[in-house]
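Take a look at the letters that make up each chain.
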Amino acid sequence: MSRQPVDVLINRVDPQVPLPSYGHPGDAGLDLVTTEAAVLAPGERAVLPTGVAIALPDGYAAFVHPRSGLAARCGVSMVNAPGTIDAGYRGEIKVIVVNLDPRESVRFERFDRIAQLVVQQVEKVRFHEVAELPGSARGEGGFGSTGGHAAVGNGFASVACDREGQ
Ligand SMILES: O=c1ccn([C@H]2C[C@H](O)[C@@H](COP(=O)(O)OP(=O)(O)OP(=O)(O)O)O2)c(=O)[nH]1
Ligand SMILES: [Mg+2]
């Protein structure tokens with residue numbers, strides 16, 4: 001049984017901007033566009049306006065995620081991925097894009113889709129300070145404690161590094 005959509009108020013800061021929309025019915029993310037054209041040199045970043053502001057219901061947040069097609073084709077990501085849109089934020093949603101391609105510039109035209117917005121329910125917490133936390137199977141192990149690192153010298157230098165244990 002499919003759930004009812006959540007009603008979200010939206011304001012077009014740019015009157016011509018298309019409303020964020022799902023590419024397919026089952027998609028998690030609504031595509032966001034840039035209202036400004038931009039060119040990013042390799043390694044360059046920019047804060048791009050999306051032309052929309054929203055008012056999320058209390059208990060929700062929206063997360064701005066990169067688009068995988070742009071990442072795979074052009075090396076474009078977001079500096080702060082995923083960006084967090086608080087329920088109380090009433091300003092224009094902005095996207096902090098970065099061109100991670102080492103050689104090629106990337107050009108965005110007005111209304112190109114640059115990111116996607118995922119709306120989720122978020123919990124509020126109340127901390128209870130204790131002297132000792134309850135035990136668990138993982139304990140304090142982290143940062144690669146389960147192993148499975150890519151071997152060095154197999155030709156895939158991008159997935160191996162010499163900083164293990166540091
Ligand atoms: O990719 C993003 C991330 C954030 N925001 C907006 C909405 C969010 O509610 C607000 C603050 O974001 P965040 O809390 O991540 O930034 P901060 O540096 O902690 O700023 P603040 O001190 O205003 O919380 O900025 C965006 O438009 N795009
Ligand atoms: Mg903050």
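Rules behind the numbers
- Residues numbered from 1 in each chain as written.
- Chains lettered and ligands numbered in written order.
- Predicted model: local features only at pLDDT ≥ 70, side-chain atom pairs only at ≥ 80, totals over all residues.
- Heavy atoms only, no water.
- Core = buried A, V, L, I, M, F, W, Y, C linked by side-chain atoms within 4.5 Å.
- Buried < 20%, exposed > 50% of the residue type's maximum accessible area, 1.4 Å probe, protein only.
- Contact = heavy atoms within 4.5 Å.
- UniProt positions renumbered as here; feature names shortened; annotations may be inferred.
- Helix = DSSP H or I, 4+ residues; strand = E, 2+ residues; numbered from the N terminus.
- Pairing = 2+ DSSP bridges.

S.K.: Explanation requested: the nonpolar core in the structure shown.
M.R.: For soluble globular proteins, the rule of thumb is that nonpolar side chains tend to be buried together. Membership of the largest hydrophobic core comes to 26 residues, with the highest contact counts inside it found for Val64, Ile93, Val95, Val97, Phe108 and Leu117. Those residues in contact with Leu117, other than ones at most four positions away along the chain, are Ala28, Gly29, Leu30, Leu32, Ile54, Ala62, Phe63, Val64, Ile85 and Ile93.

S.K.: Any chance you could explain the UniProt feature "binding site: substrate" (unreviewed entry) in the protein here in plain terms?
M.R.: The feature "binding site: substrate" (unreviewed entry), as given by UniProt, occupies Arg67, Ser68, Gly69, Asn80, Thr84, Ile85 and Asp86 in the numbering adopted here. These annotated residues cover 20 residues of sequence, and their C-alpha atoms reach 26.2 Å apart at the extremes, leaving them scattered rather than at a single site. Relative to the helices and strands, Arg67 resides in the loop between β7 (60-65) and α1 (68-74). The residues contacting Arg67, other than those within four sequence positions of it, are Asp31, Arg113, Ile114, Ala115 and Gln116. By the element assignment, Asn80 lies in the loop between β8 (76-78) and β9 (83-85).

S.K.: Would you mind going over the sheet that holds strand β12 (residues 113-121) with me for this structure?
M.R.: Whether parallel or antiparallel, the strands of a sheet pair through hydrogen bonds between backbone atoms. With respect to topology, five strands assemble into an open sheet ordered β2-β3-β12-β7-β9, the strand pairing being antiparallel. Where the open sheet ends on each side, the last strands, each with one partner, are β2 (21-22) and β9. As judged from the six bridges shared by β7 and β12, these two strands associate in the antiparallel manner. The residue bridging Tyr60 from the neighbouring strand is Gln121, located in β12.

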